[in-house]
Amino acid sequence: MIQRKEILRYLLIFFCICILTVIPWASVFGIQDPGLSGAIREFQRIVFFVTVTPLVLKIVYDIYMKPLAQEMKEEEAKEADRKDGKPLLFKPTTGVSVLFLIFIAMPLFSIISQFTPDKEDIGLTIAITGVGIFFIWIWYNVPVFVFTEDSVQIKSHPLYLLGIDRKTVIRYADISSVSPDPAMKGTLWGVDARHRMVISTIGTQKIYGLVFYNSDIIAKIYLRFREKLGDEVTLE
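This write-up is about the structure you can find in this document. Predicted, not measured: the structure shown is a model, and the values here were computed from it.

Comments concerning the sheet that holds strand β6 (residues 196-201)
What links the strands of a sheet is backbone hydrogen bonding, and the strands pair in either a parallel or an antiparallel sense.
Turning to step 1, where the next piece is worked out: Pairing within the open sheet is antiparallel, and its 3 strands lie in the order β5-β6-β7. The open sheet has two free edges, formed respectively by β5 (175-180) and β7 (204-209), since each of these has just one partner strand. Between one strand axis and the next, the sheet turns by 15 degrees as a mean value, whatever way the strands run.
Turning to step 2, where the next piece is worked out: Summarising the sheet, β5 and β6 pair through 5 bridges and their orientation is antiparallel. By the bridge assignment for β6, S177 is matched with S200.
Turning to step 3, where the next piece is worked out: Along the sheet, helix α8 (residues 215-229) makes contact with β5 and β6, crossing β5 at roughly 155 degrees.

Structure representation (structure tokens):
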């Protein structure tokens, strides 16, 4: 559960972001060119949107967050009462797809609007294009897990939705450990370690971000790994 000191830290971060994004930086640096001033203002709005949105989502998530071990026990109890078998496919909810489509569509519409005769600004177009590519890259790195008898298949979420059969296949026999990423503890954003799963094989480590997964789905993913690997799955 989110603590008071965490709330204060989030409020401080939010306050700093607001201050940095409302300051008229063009005037501060004495920039007189209207096109460049407009590009800077647009960039400040984009920065505000990009930084505040995940911060708000993080606060909402932390309010309802439970320890991973407790979450796994609850999910295990639920599965014991199910009669239709255990899920083997894990993917983000439809809302995640809608969220990314909005994030990508907004820069796309902004780029299209820049090609009108009275608004064309190459610098702003490049900046907005970069924001769109950034969101596409984030979405591409959202994983989908498919558990089979002898291996786990990990696919890119947008490629999975498009039906493109491009995947990483990791055999259980090659996995030496599965755990949350301990490096995520104590970061600036307070991201919980469960948000990055580390799958270690002989000589390699693969890290998968689970930020866009619900906490109960994260617990189920760890449960599937624990069923296949036993004590090689750790929660610390």
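That was the structure; now back to the text.
As for α8
Turning to step 1, where the next piece is worked out: For α8, built from 15 residues, the straight-helix expectation of 21 Å at 1.5 Å per residue is met to within 8% by its first-to-last C-alpha distance of 21 Å.
Turning to step 2, where the next piece is worked out: The element α8 is extensively covered by neighbouring structure, given that 11 of its 15 residues are classed as buried.
Turning to step 3, where the next piece is worked out: All buried positions along α8 are accounted for by S215, I217, I218, A219, K220, I221, Y222, L223, R224, F225 and L229.
Turning to step 4, where the next piece is worked out: Once α8 finishes, G230 follows within two positions and takes phi at roughly 65 degrees, a positive value.

Regarding the sheet that holds strand β4 (residues 167-171)
Turning to step 1, where the next piece is worked out: Read across the open sheet, the 4 strands follow the order β1-β2-β3-β4; overall the sheet is antiparallel. Both edges of this open sheet fall to β1 (89-90) and β4, since each of them pairs with a single strand only.
Turning to step 2, where the next piece is worked out: Pairing analysis gives 5 bridges linking strand β3 (residues 151-156) to β4, with the strands arranged antiparallel. Each bridged residue has a counterpart across the sheet, and for S151 the counterpart in β4 is R171.
Turning to step 3, where the next piece is worked out: α8 contacts β1, β2 (143-147) and β3 of the sheet and is inclined by roughly 40 degrees relative to β2.

Examining the nonpolar core
Turning to step 1, where the next piece is worked out: Core analysis: the largest hydrophobic core is formed by 21 residues, its most contacted members being F145, V178, M197, I199, I221 and F225.
Turning to step 2, where the next piece is worked out: Of all the secondary structure elements, the ones that give two or more residues to this core are β2, β3, β5, β6 and α8.
Turning to step 3, where the next piece is worked out: Of the residues forming this core, the biggest block, 6 residues, is contributed by α8.
Turning to step 4, where the next piece is worked out: Apart from the residues lying within four places of it in its own chain, the contact partners of I199 are I154, I170, I175, S177, V178, T204, Q205, K206, Y208 and F225.
Turning to step 5, where the next piece is worked out: Listed in part, the 10 residues of the second largest apolar core include F103, I128, F135 and V142.

Some words on the pattern of salt bridges
Turning to step 1, where the next piece is worked out: Taken as a whole and judged by the stated rule, the model has 4 salt bridges.
Turning to step 2, where the next piece is worked out: Where R196 meets D181, a salt bridge forms, and the shortest distance between an N and an O atom there is 2.9 Å. Here R196 is found in strand β6, whereas its partner D181 is found in the loop between β5 and β6, with 15 residues between them in sequence.
Turning to step 3, where the next piece is worked out: A relative accessible area of 7% means that D181 is categorised as buried.

Quick notes on the rules
- Residues numbered from 1 in each chain as written.
- Predicted model: local features only at pLDDT ≥ 70, side-chain atom pairs only at ≥ 80, totals over all residues.
- Heavy atoms only, no water.
- Pairing = 2+ DSSP bridges.
- Helix = DSSP H or I, 4+ residues; strand = E, 2+ residues; numbered from the N terminus.
- Axes fitted to C-alpha atoms, helices over the stretch in contact; angles between N-to-C directions.
- Contact = heavy atoms within 4.5 Å.
- Expected span 1.5 Å × (residues − 1).
- Buried < 20%, exposed > 50% of the residue type's maximum accessible area, 1.4 Å probe, protein only.
- Core = buried A, V, L, I, M, F, W, Y, C linked by side-chain atoms within 4.5 Å.
- Salt bridge = Lys/Arg side-chain N within 4 Å of Asp/Glu carboxyl O.

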